[in-house]
Amino acid sequence: MKITGTTRLAGIIGWPVSHSRSPLLHGFWLDETGIDGAYVPLPVKPEHIERALRALPVLGFRGCNLTVPHKQTALAVVDRVDPLARRIGAINTIVVTPDGSLGGTNTDAFGFRENLREAAPQWKPSSGPAVILGAGGAARAVIVALSDAGTAEIRMINRTRKRAEAVAGDLATPQTRITIHSWEEVSAVQRQAGLLVNTTSLGMVGEPPLILDLSSLPSSAPVVDIVYIPLETELLAAARRHGHPVVDGLGMLLHQGRPGFEGWFGESVQVTERLRTAMLATLAPVR
Ligand code: ATR
């Protein structure tokens, strides 16, 4: 990569930010497209987020991604938030418009949907109720994606019931009902379901594994884990043994980057096998 006087700039703002794989992802696409651009890590403390975002247009940045802990607070700072991001309650992408204003969006729902489309093409919203494990920010993005795709029923399981109730209150629509269940009910909840998605941190390196009895889940139902370190979680290994289509978390991470790249650098990009292989090489667990 060569930085010139006309290099277009974007980056990722987080605190900390050094763990982020986004610079590698966008760096790959910049190399591939030959665009005169750079994508850099920007460590910004929570108390400085507003000043940092307001500085983006001043410094000539085309925009940025946002990661922990800024995704919710940044939503209140930007000039425009698209309706999808407002429903999710967080933004992960900002595009600076030519007038210098900041437009916020959330590309996690897009990333989830595109990954599912690619990795489990046989899945349809009409395949049956979707079981969602977890009620955090990732669950919100997944639920919005499934609801917009036309899923009629979502069955949520979360350790903290209140959190699930808040998500259901925010995201249920006349077309998509959301029911709330406890972990003890997981076997009954899986019956006749068309999809199961883990959005909790269980199974991630350093966290307890997610051990589920999948015997009541129809074998045609894809099992999706949004955890990507390790890529093959215990949940996915169990799903594979039971004959479910399995969808790992790396694809969602890669696909969520596409709209941002297009917004900042003006070219659309794809998730290829070559990209997956390059990113996989960077995902060795840090112990
Ligand atoms: P994210 O924004 O990535 O979704 P989050 O908001 O921290 O992250 O949400 C983490 C999810 O994992 C939550 O649903 C959390 O359950 P609680 O709402 O009860 O906290 C779930 N989770 C994390 N550790 C868990 C554990 N040991 N057992 C069960 N659920 C767990």
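To be clear, the structure that these remarks concern was listed above.
Residues numbered from 1 in each chain as written. Predicted model: local features only at pLDDT ≥ 70, side-chain atom pairs only at ≥ 80, totals over all residues. Heavy atoms only, no water.

1. Here we look at the site of the ligand
Reasoning step 1: In the vicinity of the ligand, the residues found are G134, A135, G136, G137, A138, N158, R159, T160, R163, T200, S201 and L202.
Reasoning step 2: A138 places a polar main-chain atom, nitrogen or oxygen, 3.0 Å from an oxygen atom of the ligand.
Reasoning step 3: Between an oxygen atom of the ligand and a side-chain N or O atom of N158, the distance comes to 2.7 Å.
Reasoning step 4: Here the ligand, which alone exposes 650 Å², has 68% of that area covered by the protein.
Reasoning step 5: Taken together, the residues that form the shell around the ligand break down as 3 nonpolar, 7 polar and 2 charged. (Near = heavy atom within 4 Å. Polar contact = N/O pair within 3.5 Å; in protein donor to acceptor, adjacent residues only side chain to side chain. Areas by Shrake-Rupley, 256 points an atom, 1.4 Å probe, with all protein chains shown as cover. Nonpolar A, V, L, I, M, F, W, Y, C, P; charged D, E, K, R; others polar.)

2. Some thoughts on the side chain of H255
Reasoning step 1: Position of H255 relative to the elements: it lies in helix α9 (residues 250-256).
Reasoning step 2: Judged by its relative accessible area of 2%, H255 is buried.
Reasoning step 3: Within the structure, H255 has its side chain in polar contact with the side chain of R258 (distance 2.9 Å).
Reasoning step 4: Among residues more than four places away in sequence, those in contact with H255 are F110, G111, E114, N115, E118 and V271. (Helix = DSSP H or I, 4+ residues; strand = E, 2+ residues; numbered from the N terminus. Buried < 20%, exposed > 50% of the residue type's maximum accessible area, 1.4 Å probe, protein only. Contact = heavy atoms within 4.5 Å.)

3. Quick word on the sheet that holds strand β2 (residues 37-43)
Pairing between sheet strands relies on hydrogen bonds along the backbone, with the strands arranged either parallel or antiparallel.
Reasoning step 1: Spatially, 6 strands are ordered β2-β1-β3-β5-β6-β4 in an open sheet, and the strand pairing comes out mixed. Edge strands, defined here as strands with exactly one partner in the open sheet, are β2 and β4 (80-81).
Reasoning step 2: Where strand β5 (residues 93-96) meets strand β6 (residues 102-105), 4 bridges bridge the pair, whose relative direction is antiparallel. Bridge pairing links V95 to G103 in β6.
Reasoning step 3: Sheet strands in contact with helix α1 (residues 22-33) are β1 (8-14), β2 and β3 (61-66), and its direction is about 175° off that of β2.
Reasoning step 4: Across the sheet, helix α2 (residues 49-58) lies against β1, β3, β5 and β6, angled at about 150° from β3, the strand it touches most. (Pairing = 2+ DSSP bridges. Axes fitted to C-alpha atoms, helices over the stretch in contact; angles between N-to-C directions.)

4. Re the packing of helix α4 (residues 108-119) against helix α5 (residues 137-149)
Reasoning step 1: Interhelical geometry of α4 versus α5 gives an angle of 60° and a closest axis separation of 8 Å. It follows that α4 is oblique to α5 by the angle criterion. In this structure, α4 meets α5 at a crossing whose hand is right-handed. Contacts from D108, A109, F112, R113 and L116 of α4 reach α5 at A141, V142, A145, L146 and A149.
Reasoning step 2: A class-by-class count of the residues in the contact of α4 with α5 yields 8 nonpolar, no polar and 2 charged. (Parallel < 35°, antiparallel > 145°, perpendicular 65-115°, else oblique. Left-handed = near helix turned anticlockwise from the far one by under 90°.)

5. A word on the pattern of salt bridges
Reasoning step 1: Applying the stated criterion across every chain yields a total of 11 salt bridges.
Reasoning step 2: Three or more residues are tied together by salt bridges with common partners; here these are E114, R117 and R258. (Salt bridge = Lys/Arg side-chain N within 4 Å of Asp/Glu carboxyl O.)

6. Section: helix α11 (residues 273-280)
Reasoning step 1: Those residues of α11 that fall on the buried side of the exposure criterion are L275, R276 and M279. Down the axis of α11, the buried side of the element spans an arc of 100°, and every buried residue falls inside it. Exposed residues pointing more than 90 degrees away from the buried face of α11 are listed as E273 and R274. (Arc of directions from axis to C-beta.)

7. A short note on the environment of I229
Reasoning step 1: With respect to the helices and strands, I229 occurs in the loop between β11 (223-225) and α8 (234-241).
Reasoning step 2: On the accessibility criterion, I229 (13% relative accessible area) is buried.
Reasoning step 3: The spacing of I229 and L250 is 21 residues in sequence and 8.6 Å in space, taken between C-alpha atoms.

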